[in-house]
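Each chain is listed here by its residues.
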Amino acid sequence: MDILIKPIVTEKMTDQSEKFNRFGFVVDRRATKIEIKAAVESMYNVKVAAVNTMNYQGKKKSRYTKAGVIAGRTASFKKAIVTLVEGDNIDFYSNI
């Protein structure tokens, strides 16, 4: 099971990382906080102080086409906010 799906790189998460040393990830919906902590520590070689998780429901979306209104949903996902110990840092742009 691949626990970390992708990092969240938004203005809000960038501000959180600069001020509070917190980083966000989209994770597998079945992953626990302990599994998320272990995955981040092994992948980025950092020490994790805390993990907060939240489940997001998919939003209803609709669009107008020639064939009429098409309605659907976006995917549901689980988000994890990982707080690192003082002095550790994750650089998402180092691989570019």
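Refer to the structure printed above.
Residues numbered from 1 in each chain as written. Predicted model: local features only at pLDDT ≥ 70, side-chain atom pairs only at ≥ 80, totals over all residues. Heavy atoms only, no water.

**Some points on the packing of aromatic side chains**
- Under the definition given, this model contains five aromatic pairs.
- Between F25 and Y44, the aromatic rings sit 5.8 Å apart at their centres with planes inclined by 35 degrees, giving tilted as the arrangement. Residue F25 is located in strand β2 (residues 22–27), and its partner Y44 is located in helix α2 (residues 33–44); the two are separated by 19 residues in the primary sequence.
- When its relative accessible area of 25% is taken as the criterion, Y44 is described as partly exposed.
- An angle of 85 degrees between the planes, with centres 6.0 Å apart, marks the rings of Y44 and F92 as edge-to-face. A residue pair is termed long-range when its members are at least 10 positions apart, and Y44 in helix α2 and F92 in the segment after β6 (77–84) qualify at 48 residues. (Phe/Tyr/Trp six-rings, centres within 6.5 Å; stacked < 30°, edge-to-face > 60°. Helix = DSSP H or I, 4+ residues; strand = E, 2+ residues; numbered from the N terminus. Buried < 20%, exposed > 50% of the residue type's maximum accessible area, 1.4 Å probe, protein only.)

**Regarding the sheet that holds strand β1 (residues 4–8)**
- Sheet architecture is open: four strands sit in the order β1-β2-β6-β3, paired in antiparallel fashion. Edge positions in the open sheet fall to β1 and β3 (48–56), since each of these has one partner strand only. Taken pair by pair, the neighbouring strands of this sheet meet at an average axis angle of 30 degrees, ignoring direction.
- Two elements, β1 and β2, share four bridges in a ladder whose sense is antiparallel. Bridge pairing links I8 to G24 in β2.
- Those strands touched by helix α1 (residues 11–20) are β1, β2 and β6, and its axis lies near 140 degrees from that of β2.
- Contacting β1, β2, β3 and β6, α2 crosses the sheet at an angle of about 120 degrees to β3. (Pairing = 2+ DSSP bridges. Axes fitted to C-alpha atoms, helices over the stretch in contact; angles between N-to-C directions. Contact = heavy atoms within 4.5 Å.)

**Digging into the pairing of strand β5 (residues 68–73)**
- A small share of β5 lies buried, amounting to zero of its six residues.
- Relative to β5, strand β4 (residues 60–65) is paired through six bridges, and the arrangement is antiparallel. Within β5, the residue paired with T65 across the bridge is G68.

**Regarding the side chain of K79**
- You can see K79 is positioned in strand β6.
- Among buried Asp, Glu, Lys and Arg side chains, K79 stands out as unpaired, with D15 the closest opposite charge at 13 Å.
- Excluding its chain neighbours within four sequence positions, the residues that come into contact with K79 are I8, F25, N52, T53, M54 and Y56. (Lys, Arg positive; Asp, Glu negative; His and termini not counted. Salt bridge = Lys/Arg side-chain N within 4 Å of Asp/Glu carboxyl O.)

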